[in-house]
Amino acid sequence: DGVFAGDNVLLNWQAVTESGTKYFIIEKKSGDNEFKEIGKIAINDNTSAGLFSFIDRQPGEQNLYRLKWLNSSQVIHYSNVIAINKNNETGGIQVYPNPVTNVLKIGITNPKNHLYNIVLLNVLNQVVKEFKSVEDINNIFEIERTAAMKNGVYILKVADLNTSQIFTKKVIFR
């Protein structure tokens, strides 16, 4: 997954690696509609599962990423493509009020009858709230604050499961 962090995109993934896999290549789709390498993360031979991160310091407004790796047989593998968009307000969601006191409202401006996966994460990237829903007539979803939602910064991820587009927004609970 990934999220805008200031002017950069922070990409995070968890992987179980095959024996002989030496590195992950991070690729981004460029203006010529081809994926190009933007970074490489080395893998320790003793690592069978782990959390990995990469920072794209030159993201655009709309970014498509994937991972590429070779196994010990030199077979190329690719991850699913993820989309990270900078301008969430015009890109399909509006989040209000922000900062939040009791109820966070999420307005969807994309086409109707899409299925959405909505996830609220804390700063440790742990799921605080998650649900799937079809956009309704009002185009508004609500997350009511629970006792587990302490004051602080959270990341809201809204994934359009019809288009694979992912919107992210920093939210502050007070």
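Every value quoted in this text rests on a predicted model; they were computed, and no experiment measured them. (Residues numbered from 1 in each chain as written. Predicted model: local features only at pLDDT ≥ 70, side-chain atom pairs only at ≥ 80, totals over all residues. Heavy atoms only, no water.)

Undergrad: So what's going on with the layout of surface pockets? Residues and values would help.
TA: Roughly 470 Å³ of internal volume is contained in the largest pocket. Lining of the largest pocket is provided by 22 residues; of these, Val-3, Phe-4, Ala-5, Ile-155 and Lys-170 occupy positions nearest its centre. Elements with a contribution of two residues or more to the lining of the largest pocket: β1 (2-5), β2 (8-16), β14 (152-160) and β15 (165-173). Per-element tally for the lining of the largest pocket: the top contributor is β1, with four residues. Looking at the lining of the largest pocket residue by residue, the class counts come to nine nonpolar, eight polar and five charged. One number sums up the size of the second largest pocket: a volume of about 250 Å³. Broken down by secondary-structure element, the contributors of at least two residues to the lining of the second largest pocket are β11 (115-121) and β14. Here the residues of the lining of the second largest pocket sort into seven nonpolar, two polar and three charged. (1 Å grid on protein atoms, 1.4 Å probe; cavity = no way out; pocket = protein on both sides within 12 Å on 5 of 7 lines; lining within 4 Å. Points joined across faces, edges and corners; volume = space filled by probe spheres on them. Helix = DSSP H or I, 4+ residues; strand = E, 2+ residues; numbered from the N terminus. Nonpolar A, V, L, I, M, F, W, Y, C, P; charged D, E, K, R; others polar.)

Undergrad: How would you sum up the environment of Val-134? Please name residues and give values.
TA: Its location among the elements puts Val-134 in strand β12 (residues 127-134). The class for Val-134 is partly exposed, based on a relative accessible area of 45%. Remark: the alpha-carbon pair of Val-134 and Leu-161, spanning 27 residues in sequence, is separated by 9.8 Å. For Val-134, the residues in contact, after removing those within four places along its chain, are Asn-113, His-114, Leu-115 and Phe-141. (Buried < 20%, exposed > 50% of the residue type's maximum accessible area, 1.4 Å probe, protein only. Contact = heavy atoms within 4.5 Å.)

Undergrad: Talk me through a nonpolar patch on the surface; I want residue IDs and the actual numbers.
TA: On the surface, Leu-115, Val-134 and Leu-161 cluster together to form a nonpolar patch covering roughly 220 Å² of accessible area. Among the secondary structure elements, Leu-161 is positioned in the loop between β14 and β15. (Patch = residues over 30% accessible without salt bridge, like charges linked within 9 Å, V, L, I, M, F, W, Y side chains within 5 Å. Areas by Shrake-Rupley, 256 points an atom, 1.4 Å probe, with all protein chains shown as cover. Salt bridge = Lys/Arg side-chain N within 4 Å of Asp/Glu carboxyl O.)

Undergrad: I'd like a rundown of the packing of aromatic side chains, residues and numbers included.
TA: Scanning the model with the defined rule gives seven aromatic pairs in all. Taken together, the aromatic side chains of Trp-13, Phe-24, Phe-52 and Trp-69 make up a single cluster linked through ring pairs. Over the aromatic face of Tyr-23 sits the side chain of Lys-40, whose NZ or CZ is 4.3 Å from the ring centroid. (Phe/Tyr/Trp six-rings, centres within 6.5 Å; stacked < 30°, edge-to-face > 60°. Lys NZ or Arg CZ within 6 Å of the ring centre and 35° of its normal.)

Undergrad: Explain the environment of Glu-61 to me, using residue names and the numbers behind them.
TA: Tracing the backbone shows Glu-61 in the loop between β5 (49-56) and β6 (62-70). Judged by its relative accessible area of 48%, Glu-61 is partly exposed. Spatially, the C-alpha atom of Glu-61 lies 5.6 Å from that of Asn-85, the residues being 24 residues apart in sequence.

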